[in-house]
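Listed below are the residues making up each chain.
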Amino acid sequence: MPKTERPKIHPALATPASNQPGDDIERHFFANCGPHEAWNEPEPEPETDTDEDLAEALESADEDVRKLHGSTASTPTECSNKHLTALEATLTDEKGPLAGLTVLLHRAEPPGVIEAKTDDVGFVRFAGLDEGDKHQLQIRGVPPSAWSIGKKAALPDDRAECSHAAKWSLSKSKRPKTHVAQQGESIWSIAQYYGIDADELWKANEALEKDDRSMHVLFPDDEITLPEDDDDDRQDVPVGKELQIECDVELPRLQFVFKDQEGKALETEAVVVSGGASAAELQPWFEGNLDGSGKIEVPMPKYDERASMLVAFDLKFPETSTTYEDVDGLEMEHVHQPSSAQLLFKPGHLDPLSTVSGVQGRLANLGYYSGDERGELGPLTKRALRDFRHDHELEPMATIDDEMRSSLDAESK
Amino acid sequence: MVALHQVRGPHLLTLDKSRLLQLTRNADYEAFVVQMMEHLRKHFPRKVADFDDMGLAEQIHQTLLRAYDHGYTSHADCARYLGLAAALGWSFDDDIPWVRQSLTDGASEPTERLAQIHQRAIRMLRRGPSSVSPT
């Protein structure tokens, strides 16, 4: 068939004729004659459906659906001569499992992609893969040079067997071209969500800098451009295997420093970090001891969990004893029973620094403010402002000015 | 109605007749896929505009497999499932949490569940942008 010939297909299946000049010679001729204003050109149709269009389409399609009878019964099953299997991978770095990484499995022909995120132990599984196809793996935000396949073992039969084909998506990737920033998001958190390198993402959006945005501060509704996936970021992988993938990647971790009221770091107290959507739903997420200088470093919770997460720290102060002499000259020992304290905070919800609530949030994070005067310059906020200004050698007054904001911004990073 | 193996598109070499026959098992199923191609091109023309006929046939087949996993085999249910997939996204059953939850809710019959999802999707689409999807 010559390349220019339209395919012979059922009229109902044919796509509408295009508006190419060659399609209607007469119309094209007159369209280029005389005053163009005389032509009432039809308004171009919008390229995408609105939500209302889709709602109407669903309703009108349903009218046709009601006329359908019959059943596909057992028909949509895979052909018996295809052998379906699975691929499992565990992603680790030198510190342990890599949770929340986006892994894409590509199929060469016909083109398809499946996207999955590693779970808490860095595990990801793709099922229903055809052994005859060529597959490639891509880890978002991690170039192929930064990961390698370590141990490779055949999957046991019970984990390799699959009854249904994988749910391939024909689109190149599920990643949209833009992301609209929500309250509490930053370039870093968006990069983590989509599995993009944060510096690369900021580079694609540096124009925002002129509007006072930074990698750490975005405004709600800011439109963030997401760079396209790079086809070169893939490695061939066999299927029917269990892979250990070692990555040389630095994933962000949260570091906290605990100090007492006098600013002295706590030592080796036990701490349990919990997270959940509310105080009633807290689940332990990390257990350990402070490192001697009051520090604790924990893996970042997954983005999806962080969006509305409340974090709690349960600090267990060890049993302590104090020896002293009482008034009668007898040596006494007083033992303090183990005690605990719970601290709650909500990460990722700072308003911009230009707002009073943004200043309050940063003052609270630095330990200057704890109150509920959200958005108002109440007495507690004024006191926190004075304290902060005093500690940072600014003029001791209870106001927010540019000097104060810049100092607070620097301190908060 | 045209037989699926007669459909030709620009990616003919990527999915030839023998491969296509691997995907389909009998003439009835083949005819239903073609019927659904017409259905989607009629009601969701922009959503399927990027597919050539071969690509759309495979997308329909893959979506029917997913529908089958959730217990949908009647033509009416399958067509409704395909309509939702075209409108909300081809992986709507995985990507939209409330759909995922509704599809696995054992409290009602599959057909009733799908009708509820269909109604809710229409309501949410009318409510405004991004009210259907979680993000």
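So, how was this worked out
Residues numbered from 1 in each chain as written. Chains lettered and ligands numbered in written order. Predicted model: local features only at pLDDT ≥ 70, side-chain atom pairs only at ≥ 80, totals over all residues. Helix = DSSP H or I, 4+ residues; strand = E, 2+ residues; numbered from the N terminus. Buried ≥ 20, exposed ≤ 12 C-beta atoms within 10 Å, placed from the backbone. Contact = placed C-beta atoms within 7 Å. Pairing = 2+ DSSP bridges. Axes fitted to C-alpha atoms, helices over the stretch in contact; angles between N-to-C directions. Core = buried A, V, L, I, M, F, W, Y, C linked by C-beta atoms within 7 Å. Expected span 1.5 Å × (residues − 1). Arc of directions from axis to C-beta. Parallel < 35°, antiparallel > 145°, perpendicular 65-115°, else oblique. Left-handed = near helix turned anticlockwise from the far one by under 90°. Nonpolar A, V, L, I, M, F, W, Y, C, P; charged D, E, K, R; others polar. pLDDT = per-residue confidence, 0-100.

Remarks on the overall build of chain B
1) Next: Assigned secondary structure in chain B consists of 7 helices and 0 strands.
2) Next: Each helix and strand of chain B, ordered N terminal to C terminal, gives the series α-α-α-α-α-α-α.
3) Next: Considering chain B as a whole, with its 135 residues, one finds that 44% of them fall into the buried category.
4) Next: Sequence-distant contacts in chain B: of pairs separated by 6 or more residues, those separated by 24 or more amount to 58%.

Focus on the overall build of chain A
1) Next: Within chain A, the regular secondary structure consists of 9 helices and 19 strands.
2) Next: Per-residue burial over chain A gives 22% buried out of 413 residues.

Here's the deal with the sheet that holds strand 10 (residues 235–237) of chain A
All names here are of chain A.
1) Next: The strand order across the open sheet formed by 4 strands is 4-3-6-10, and the pairing between neighbours is antiparallel. The sheet is open, and its two borders are formed by strand 4 (112–117) and strand 10, each paired with just one other strand. Going from strand to strand, the sheet's axes swing by 30° on average, the running direction of each strand aside.
2) Next: By the bridge criterion, 3 bridges tie strand 6 (residues 135–139) to strand 10 in an arrangement that is antiparallel. Its bridge partner being in strand 10, His135 is matched across the sheet by Val237.

Let's talk about the nonpolar core
1) Next: Residues Leu82 and Ala87 of chain B are the most contacted members of the largest nonpolar core, which totals 42 residues.
2) Next: Listing elements by their share of this core, those giving two or more residues are helix 2 (51–65) of chain A together with helix 2 (27–43), helix 3 (53–69), helix 4 (75–88), helix 6 (97–103) and helix 7 (110–127) of chain B.
3) Next: In terms of residues, this core owes the most to one element, helix 4 of chain B, which gives 9 residues.
4) Next: Those residues in contact with Ala87 of chain B that sit more than four places away from it in its chain are Leu54, Ala57 and Leu58 of chain A together with Phe44, Lys47 and Ala121 of chain B.
5) Next: Grouped together as the second largest cluster of nonpolar side chains are 22 residues, Leu104, Leu105, Ile114 and Ile245 of chain A included.

Quick word on helix 8 (residues 379–391) of chain A
Residue and element names in this part refer to chain A.
1) Next: With 13 residues, helix 8 ought to run about 18 Å at 1.5 Å a step, and its terminal C-alpha atoms sit 18 Å apart, in line with that.
2) Next: Along helix 8, the positions that sit buried rather than exposed are Thr381, Ala384, Leu385, Phe388 and Arg389. The buried side chains of helix 8 occupy one side of the element, clustering within an arc of 130° when seen end-on. Relative to its buried face, helix 8 has exposed residues pointing more than 90 degrees away, namely Pro379, His390 and Asp391.
3) Next: The inward-facing, buried residues of helix 8 contact helix 7 (356–365) and helix 9 (402–412).
4) Next: Just beyond helix 8, the residue with positive phi is Glu393, at close to 55°.

A few points about the packing of helix 2 of chain A against helix 4 of chain B
1) Next: Two elements in contact, helix 2 of chain A and helix 4 of chain B, have axes separated by 10 Å at closest approach and are oriented at 165°. In terms of orientation, helix 2 of chain A lies roughly antiparallel with respect to helix 4 of chain B. The chirality of how helix 2 of chain A crosses helix 4 of chain B is right-handed. On helix 4 of chain B, the residues that touch Leu54, Ala57, Leu58, Ala61, Asp62 and Val65 of chain A of helix 2 of chain A are Ala76, Ala79, Arg80, Gly83 and Ala87 of chain B.
2) Next: Residue classes in the contact of helix 2 of chain A with helix 4 of chain B are distributed as 8 nonpolar, 1 polar and 2 charged.

Details of the packing of helix 2 of chain A against helix 7 of chain B
Angle between the axes and distance between the axes: these two values describe a pair of packed helices.
1) Next: Put simply, helix 2 of chain A and helix 7 of chain B touch, their axes get as near as 8 Å, and they point 155° apart. Relative to helix 7 of chain B, the element helix 2 of chain A is oriented roughly antiparallel. Two packed elements cross with a definite hand, and for helix 2 of chain A against helix 7 of chain B that hand is left-handed. Seen from helix 2 of chain A, the contacting residues are Asp51, Glu52, Leu54, Ala55, Leu58, Glu59 and Asp62 of chain A; seen from helix 7 of chain B, they are His118, Ala121, Ile122, Leu125 and Arg126 of chain B.
2) Next: Here the contact of helix 2 of chain A with helix 7 of chain B is composed, by residue class, of 6 nonpolar, 1 polar and 5 charged.

What to know about the environment of Leu103 of chain B
All names here are of chain B.
1) Next: Relative to the assigned elements, Leu103 resides in helix 6.
2) Next: Among the residues examined, Leu103 registers 22 C-beta atoms within 10 Å and is labelled buried.
3) Next: Note: C-alpha distance between Leu103 and Gln116 (13 residues apart in sequence) is 9.9 Å.
4) Next: Among residues more than four places away in sequence, those in contact with Leu103 are His70, Asp93 and Arg113.

A closer look at the confidence of the model for chain B
Residue and element names in this part refer to chain B.
1) Next: In the predicted model, chain B carries a mean pLDDT of 76, and the fraction of residues at 70 or more is 73%.
2) Next: The least confident element of chain B is helix 1 (residues 17–23), whose mean pLDDT is 46; the most confident is helix 4, at 93.
3) Next: Contacts for the low-pLDDT stretch residues 1–21, under 50 throughout, to residues beyond four places or in other chains number 39 contacts.
4) Next: Interface confidence for the predicted complex, expressed as ipTM, amounts to 0.77; the pTM equals 0.43.

A short note on the pairing of strand 1 (residues 84–93) of chain A
Residue and element names in this part refer to chain A.
1) Next: Where strand 1 lies against strand 5 (residues 123–130), 7 bridges are found, and the strand directions are antiparallel. The residue of strand 5 that forms the bridge with Glu88 is Arg125.
2) Next: Two elements, strand 1 and strand 11 (residues 241–247), share 5 bridges in a ladder whose sense is parallel. Directly across from Thr90, in strand 11, lies its bridge partner Gln244.

Some words on the pairing of strand 3 (residues 102–107) of chain A
Each regular strand carries side chains that alternate between the two faces of the sheet.
Residue and element names in this part refer to chain A.
1) Next: In terms of residue burial, strand 3 counts as a mostly covered element, since 5 of its 6 residues are buried.
2) Next: Both strand 3 and strand 4 contribute to a ladder of 6 bridges, which runs antiparallel. From the neighbouring strand, Val103 faces strand 4, where its bridge partner is Ala116.
3) Next: The antiparallel hairpin formed by strand 3 and strand 4 contains 4 residues in its connecting segment.
4) Next: Here 5 bridges tie strand 3 to strand 6, and the two strands are oriented antiparallel to one another.

Notes on the environment of Leu64 of chain B
Residues and elements named next belong to chain B.
1) Next: Along the chain, Leu64 falls in helix 3.
2) Next: In this structure Leu64 comes out as buried when scored by C-beta crowding, with 24 C-beta atoms within 10 Å.
3) Next: Separated by 15 residues in sequence, Leu64 and Ala79 have C-alpha atoms that sit 8.9 Å apart.

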